Amino acid sequence: MPTVELGILLPALLAGLLICATHVPLGIVVLRRGIVFIDIAIAQIAGVGVIAADFFGWEASGYAVQVSALGSALTGALLLTWTEHRWPDIQEGIIGTVFVLAATLQILLLAGNPHAGEYLKDMLVGQILWVDYGTLGVIAALSAFVLGAWFGIGAARLKRLGFYLLFGVSVTASVQVVGVYLVFSTLIIPALAARNAGRAQLPVAYAVGALGYLSGLVLSVLTDLPTGALIVWTMAVSGIIVASLVRTNRLAMAR
């Protein structure tokens, strides 16, 4: 593989693996609790923060954008924590409504922007191939914080509020790099594929996520197809294959 392509693929792969590191365990809990749309809702809210920063003329690569995105995501997380406590029976419907409101607010904020289409595309499919080592440092720091809280404090001890806040922190950086579609896919597809893996659920889910990113990035370079969309598909195919292998293994052990 040419050096120039390896120079692009390596930081992109590292970004994907860092995002997997935090999103996979969160996704397992999301699937277990039946709130599968929380990820795209908070991702869209974080996206509103990014677009709002541009709307107010803040520098695209400055800290103000990150503060805006993080503040928006944490506000959304706090809102959904309150609604789950207040109306737990309709939480999934509330999450869906928040997602639609955030998505349409992005459109309203970009109404006068001549590059609105490009902004929305980037928010959906991301720009993982163009991630640099500075961005990787930010993602690594956030991942270390989230994983330290998740495995150090313990998922069970974080309670509802801690879970939503960690979710908001995780999504803030990832949605700007990989987009809403891959945020959702990284959270849900590995968790779905590994749901019957028993005690091996987490490592199996990590394997699905890593395989999806690696194969998608390589195929994107070979085919020149959009990277984010292609990774979603390779992750889905990886998930189907792994889920089939897990099922076959369980049936063999049951005999």
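Below: a short report on this structure.

Definitions and cut-offs
Residues numbered from 1 in each chain as written. Predicted model: local features only at pLDDT ≥ 70, side-chain atom pairs only at ≥ 80, totals over all residues. Heavy atoms only, no water. Helix = DSSP H or I, 4+ residues; strand = E, 2+ residues; numbered from the N terminus. Rg over C-alpha atoms; globule rule 2.2 N^0.38 Å. Buried < 20%, exposed > 50% of the residue type's maximum accessible area, 1.4 Å probe, protein only. Contact = heavy atoms within 4.5 Å. Areas by Shrake-Rupley, 256 points an atom, 1.4 Å probe, with all protein chains shown as cover. Lys, Arg positive; Asp, Glu negative; His and termini not counted. Charge placed at Lys NZ, Arg CZ, Asp CG, Glu CD. Expected span 1.5 Å × (residues − 1). Bend = angle between axes of the 7 residues up to and from the residue. Phe/Tyr/Trp six-rings, centres within 6.5 Å; stacked < 30°, edge-to-face > 60°. Core = buried A, V, L, I, M, F, W, Y, C linked by side-chain atoms within 4.5 Å. Axes fitted to C-alpha atoms, helices over the stretch in contact; angles between N-to-C directions. Parallel < 35°, antiparallel > 145°, perpendicular 65-115°, else oblique. Left-handed = near helix turned anticlockwise from the far one by under 90°. Nonpolar A, V, L, I, M, F, W, Y, C, P; charged D, E, K, R; others polar.

1. Some details on the overall build of the protein
Then comes step 1: Of regular secondary structure, the protein possesses nine helices and zero strands.
Then comes step 2: Over its C-alpha trace the protein gives a radius of gyration of 18 Å, about what one expects of a compact globule, namely 18 Å for 255 residues.
Then comes step 3: Its C-alpha atoms give the protein principal-axis dimensions of roughly 65 × 55 × 30 Å.
Then comes step 4: Per-residue burial over the protein gives 47% buried out of 255 residues.
Then comes step 5: Intrachain contacts of the protein at a sequence separation of at least 6 include 77% that bridge at least 24 residues.
Then comes step 6: In the structure as shown, the protein presents an accessible area of about 12,700 Å², 70% of it carried by carbon and sulfur atoms.
Then comes step 7: Once the 12 positive and 11 negative side-chain charges of the protein are each reduced to a mean point, those two points are 24 Å apart.

2. Comments concerning helix α7 (residues 155-193)
An α-helix turns once per 3.6 residues; consequently, residues spaced three or four apart project the same way.
Then comes step 1: Taking 1.5 Å as the rise per residue, α7 with 39 residues should run 57 Å; its terminal C-alpha atoms sit only 21 Å apart, a clear shortfall.
Then comes step 2: V178 marks where α7 bends most, by close to 115°.
Then comes step 3: Burial runs high along α7: 28 of the 39 residues are buried.

3. Focus on the packing of aromatic side chains
Then comes step 1: Under the criterion given, the structure shown has six aromatic pairs.
Then comes step 2: Between W150 and F163, the aromatic rings sit 6.3 Å apart at their centres with planes inclined by 50°, giving tilted as the arrangement. Here W150 is found in helix α6 (residues 133-153), whereas its partner F163 is found in helix α7, with 13 residues between them in sequence. A single burial state applies to W150 and to F163, both of which are buried.
Then comes step 3: With 5.6 Å between their ring centres and 70° between their planes, F163 and Y164 make a pair best called edge-to-face.

4. Thoughts on the nonpolar core
Then comes step 1: Counting residues in each nonpolar core, the largest one holds 73 residues, and the members touching the most others are I38, F163, F167 and Y213.
Then comes step 2: Once you skip the residues sitting within four places of it in the chain, I38 turns out to touch V30, L80, I95, F163, Y164 and F167.

5. Points about unusual backbone geometry
Backbone geometry follows two general trends: most residues other than glycine have a negative phi, and most peptide bonds adopt the trans configuration.
Then comes step 1: Even without being a glycine, D224 presents a positive backbone phi close to 65°.
Then comes step 2: Topologically, D224 is positioned in the loop between α8 (201-223) and α9 (227-254).

6. Points about the packing of helix α3 (residues 63-86) against helix α4 (residues 91-109)
The geometry of a pair of packed helices is captured by two quantities: the angle between their axes and the separation between those axes.
Then comes step 1: Look at α3 against α4: their axes get within 9 Å of each other, and the N-to-C directions meet at 155°. Taken together, the axes of α3 and α4 lie roughly antiparallel to each other. In the crossing of α3 with α4, the sense of the turn from one axis to the other is right-handed. Residues L79, L80, T83 and E84 of α3 touch α4, and the partners they reach there are Q91, I94, I95 and V98.
Then comes step 2: Of the residues contributing to the contact of α3 with α4, the split by class is five nonpolar, two polar and one charged.

7. A closer look at the side chain of S170
Then comes step 1: Mapped onto the elements, S170 comes out in helix α7.
Then comes step 2: According to the relative accessible area criterion, S170 is buried, its value standing at 7%.
Then comes step 3: In this view, S170 contacts T22, H23, L26 and V146; residues no more than four positions away in its chain are not counted.

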